Amino acid sequence: MTILITGGAGFIGSHVVRLFVNKYKNYKICNLDLLTYAGNLENLKDIENEPNYHFIKGDINDSDFINNLFKTYQFDAVIHLAAESHVDRSIEDPLSFVKTNVFGTVNLLNAAKKIWKEDFERKLFYHISTDEVYGTLGETGLFTETTSYDPNSPYSASKASSDHFVRAYGETYGMPYIISNCSNNYGQNQFPEKLIPLFINNIINNKPLPVYGDGNYTRDWLYVIDHAIAIELIFCSGKTGETYNIGGFNEWKNIDLVKLLCEQMDSKLNRSIGTSKKLITYVKDRPGHDLRYAIDASKIKNELGWEPSVTFEEGLKKTIDWYLNNEDWLSNVTTGTYQAYYEKQYNNSK
Ligand code: NAD
Ligand code: DAU
């Protein structure tokens, strides 16, 4: 098999690529990534010389390039992760999210349709999506696979749109597809614009921890390697034409999570307990901020036997250890344009 993984130099994609390269030695694993600010080949240093691994730098928005790529490699399957992924950036620049997340996805679907039209049966377009497409929950309830789409941010609207296109290609052209919608991931190699790595970096540097609004927003957190394992399982054993929700069975209010992170960081950094908590600063809320996400992951649990293997406390410790042991990685990604982004996002937020 030759598998195309898009966005494989990003956070989740790099863990998916590593898992497939190490486990499927007789498959050719092609990682297509544009290496935007979020893509980093440092994430894949340990497997870059494996004979079954191929890196291709390129843009999913470039139709000619994508069509040629499919012609050259004759992919049997696509696992599509490439995307603009940060909600705050989508509020600043919605069109770049429409471009990559919607147009880029349709470009890939078209290329796959063109190449596979004679032989759809043994092919698969696996689209990686998010629980944010379902919008927000109140204090109770869970997102299931049949919850109506109700996206609230430009990011989630663009992901919802891409999900609809994937499904429509299945209905209209018979494209064999699967979609999975996952909750918030955390773990090593996450770019420090997202809550957990941003706050780890700020605690290391004694900078304020900017909690949006009152901090009473809830997310369902999953360790990234457990997401990669779920993706592999769905790829191998999921049913074509189905959607699977993936979640951590692990809801945290932001403020409680931040306090736990502060305690763990204090003990790792040998600071007296309570030091990092003093950095918590309540700032202006995110516009359209979804109150609560929580996934009902019983379908993947009951049908495919998947559940998270790492508790949140363990996962968070592993994550903190990784960032503390990989200061070069952190300092390489937090210089230059990151500083400009940070100034713009947080400077006027009080
Ligand atoms: P990320 O931002 O860390 O990585 C995205 C990758 O896509 C980067 O390597 C980037 O270079 C690449 N990319 C961006 N535009 C591209 C283009 N035009 N052509 C080729 N490559 C391009 O994202 P992530 O957090 O790893 O998320 C991966 C996928 O999983 C996304 O589709 C996201 O919507 C979805 N997802 C993320 C989470 C989460 O908590 N991070 C949860 C559920 C679903
Ligand atoms: O639910 C899945 C989604 O999770 C993914 O699809 C997205 O790609 C991913 O970015 C993530 O979206 P969130 O918006 O939930 O993640 P983020 O880390 O940006 O924020 C988590 C929560 O923390 C959210 O309620 C906003 C809050 N927050 C975030 C930042 C960056 C703060 O309070 N302060 C901050 O500085």
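In what follows, the structure referred to is the one given above.
All figures in this text were calculated on a predicted structure; none of them were measured in a lab.

Visitor: How should I be thinking about the overall build of the protein in this particular structure?
Guide: Scanning the protein from terminus to terminus reveals twelve helices and twelve strands. Across its three principal directions, the C-alpha atoms of the protein cover 65 × 45 × 40 Å. Counting the 350 residues in the protein, one finds 56% classified as buried. Here the analysis covers contacts within the protein between residues at least 6 apart in sequence; of these, 82% occur between residues at least 24 apart.

Visitor: So what exactly am I meant to see when it comes to the sheet that holds strand β10 (residues 243–246) here?
Guide: Backbone hydrogen bonds are what pair the strands of a sheet, in a parallel or an antiparallel way. Read across the open sheet, the seven strands follow the order β3-β2-β1-β4-β5-β6-β10; overall the sheet is parallel. Since the sheet does not close on itself, it has two edges, and those belong to β3 (53–57) and β10, each with one partner. Here the strands of the sheet are splayed against their neighbours by 20 degrees on average, with no regard to which way each runs. The pairing of strand β4 (residues 77–80) with strand β5 (residues 124–130) spans four bridges and is parallel. In the strand pairing of β5, Ala77 is matched with Leu124.

Visitor: What is the right way to read the packing of aromatic side chains from this model?
Guide: Two aromatic rings are characterised by how far apart their centres lie and by the angle between their planes. One pass over the structure, following the stated rule, counts 21 aromatic pairs. Between Phe20 and Phe235, the ring centres sit 5.4 Å apart and the planes meet at 85 degrees, which makes this aromatic pair edge-to-face. With Phe20 in helix α1 (residues 11–23) and Phe235 in helix α7 (residues 224–237), this pair connects stretches of sequence that are 215 residues apart. Across the pair, exposure class does not vary: Phe20 and Phe235 are buried alike. Ring geometry for Tyr134 and Phe143: centres 5.1 Å apart, planes at 35 degrees, overall tilted. Through pairs of rings, three or more aromatic residues link up here, namely Tyr37, Phe191, Tyr212, Tyr338, Tyr342 and Tyr346. The residue whose ring lies beneath Lys207 is Tyr342, and the NZ or CZ to ring-centre distance is 4.0 Å.

Visitor: How should the site of ligand 2 be read in this particular structure?
Guide: For ligand 2, the set of nearby residues contains 25 residues, the closest of which are Asp131, Glu132, Tyr155, Arg286 and Tyr346. With respect to ligand 2, the backbone of Ser85 contributes an N or O atom lying 2.7 Å from an oxygen atom. The backbone of Pro210 places a nitrogen or oxygen atom 2.8 Å from a nitrogen atom of ligand 2. Its free accessible area being 700 Å², ligand 2 has 95% of it covered by the protein chains. Those elements giving two or more residues to the shell around ligand 2 turn out to be α6 (195–204) and β8 (209–212). Among the residues making up the shell around ligand 2, the classes are represented as twelve nonpolar, seven polar and six charged.

Visitor: I would appreciate a short explanation of the nonpolar core in the present structure.
Guide: Buried together is how nonpolar side chains tend to be arranged in soluble globular proteins. Counting residues in hydrophobic clusters, the biggest one holds 43 residues, and the most contacted among them are Ile5, Phe20, Ile79, Tyr126 and Ile300. Looking at which element gives the most residues to this core, the answer is α1, with seven residues. Those residues in contact with Phe20, other than ones at most four positions away along the chain, are Ile3, Ile5, Ile29, Asn52, Ile79, Glu232 and Phe235.

Visitor: Just to check I follow, could you spell out the pattern of salt bridges for this structure?
Guide: Applying the stated rule across the entire model yields twelve salt bridges. For the salt bridge of Glu48 with Lys45, the shortest nitrogen-to-oxygen distance reads 3.4 Å. Between Glu242 and Lys299 there is a salt bridge, with its nearest N and O atoms 2.5 Å apart. Of the two residues, Glu242 sits in the loop between α7 and β10 while Lys299 sits in helix α9 (residues 298–304), which places them 57 residues apart along the sequence. Connected via shared salt-bridge partners are Arg89, Glu193 and Lys194.

Visitor: I tried to follow the site of ligand 1 on my own but got confused; where do I start?
Guide: Around ligand 1, a shell composed of 29 residues is seen, among which Ile12, Asp33, Ser85, Tyr155 and Lys159 lie nearest. At 2.7 Å from an oxygen atom of ligand 1 is found a side-chain nitrogen or oxygen belonging to Tyr155. When isolated, ligand 1 has an accessible area of 830 Å², and the protein chains bury 96% of it. Of all the secondary structure elements, the ones that give two or more residues to the shell around ligand 1 are α1, β5, α5 (154–173) and β7 (184–186).

Visitor: Help me understand the state of the cysteines in this model?
Guide: Evaluation of the coordinates by the stated rule reveals zero disulfides. Counting only cysteine sulfurs, Cys236 is the nearest neighbor of Cys30, a cysteine outside any disulfide, at a range of 17 Å. A relative accessible area of 44% places Cys236 in the partly exposed class.

Visitor: Even after reading the chapter, I still don't get the side chain of Asn184, so can you show me in this structure?
Guide: Along the chain, Asn184 turns up in strand β7. Since its relative accessible area comes to 18%, Asn184 is described here as buried. Setting aside its immediate chain neighbours within four residues, Asn184 contacts Asp131, Arg219, Asp220, Trp221, Leu222 and Tyr293.

Visitor: Looking at this structure, how should I read α7?
Guide: Along an α-helix, residues three or four apart share an orientation, since each turn contains 3.6 residues. When the terminal C-alpha atoms of α7 are compared, their 20 Å separation across 14 residues agrees well with the 20 Å that a helix rising 1.5 Å per residue should span. Taken as a whole, α7 has its buried residues at Val224, Asp226, His227, Ala228, Ala230, Ile231, Glu232, Ile234 and Phe235.

Here is what the cut-offs are and how they apply
Residues numbered from 1 in each chain as written. Chains lettered and ligands numbered in written order. Predicted model: local features only at pLDDT ≥ 70, side-chain atom pairs only at ≥ 80, totals over all residues. Heavy atoms only, no water. Helix = DSSP H or I, 4+ residues; strand = E, 2+ residues; numbered from the N terminus. Buried < 20%, exposed > 50% of the residue type's maximum accessible area, 1.4 Å probe, protein only. Contact = heavy atoms within 4.5 Å. Pairing = 2+ DSSP bridges. Axes fitted to C-alpha atoms, helices over the stretch in contact; angles between N-to-C directions. Phe/Tyr/Trp six-rings, centres within 6.5 Å; stacked < 30°, edge-to-face > 60°. Lys NZ or Arg CZ within 6 Å of the ring centre and 35° of its normal. Near = heavy atom within 4 Å. Polar contact = N/O pair within 3.5 Å; in protein donor to acceptor, adjacent residues only side chain to side chain. Areas by Shrake-Rupley, 256 points an atom, 1.4 Å probe, with all protein chains shown as cover. Nonpolar A, V, L, I, M, F, W, Y, C, P; charged D, E, K, R; others polar. Core = buried A, V, L, I, M, F, W, Y, C linked by side-chain atoms within 4.5 Å. Salt bridge = Lys/Arg side-chain N within 4 Å of Asp/Glu carboxyl O. Disulfide = S-S within 2.5 Å. Expected span 1.5 Å × (residues − 1).

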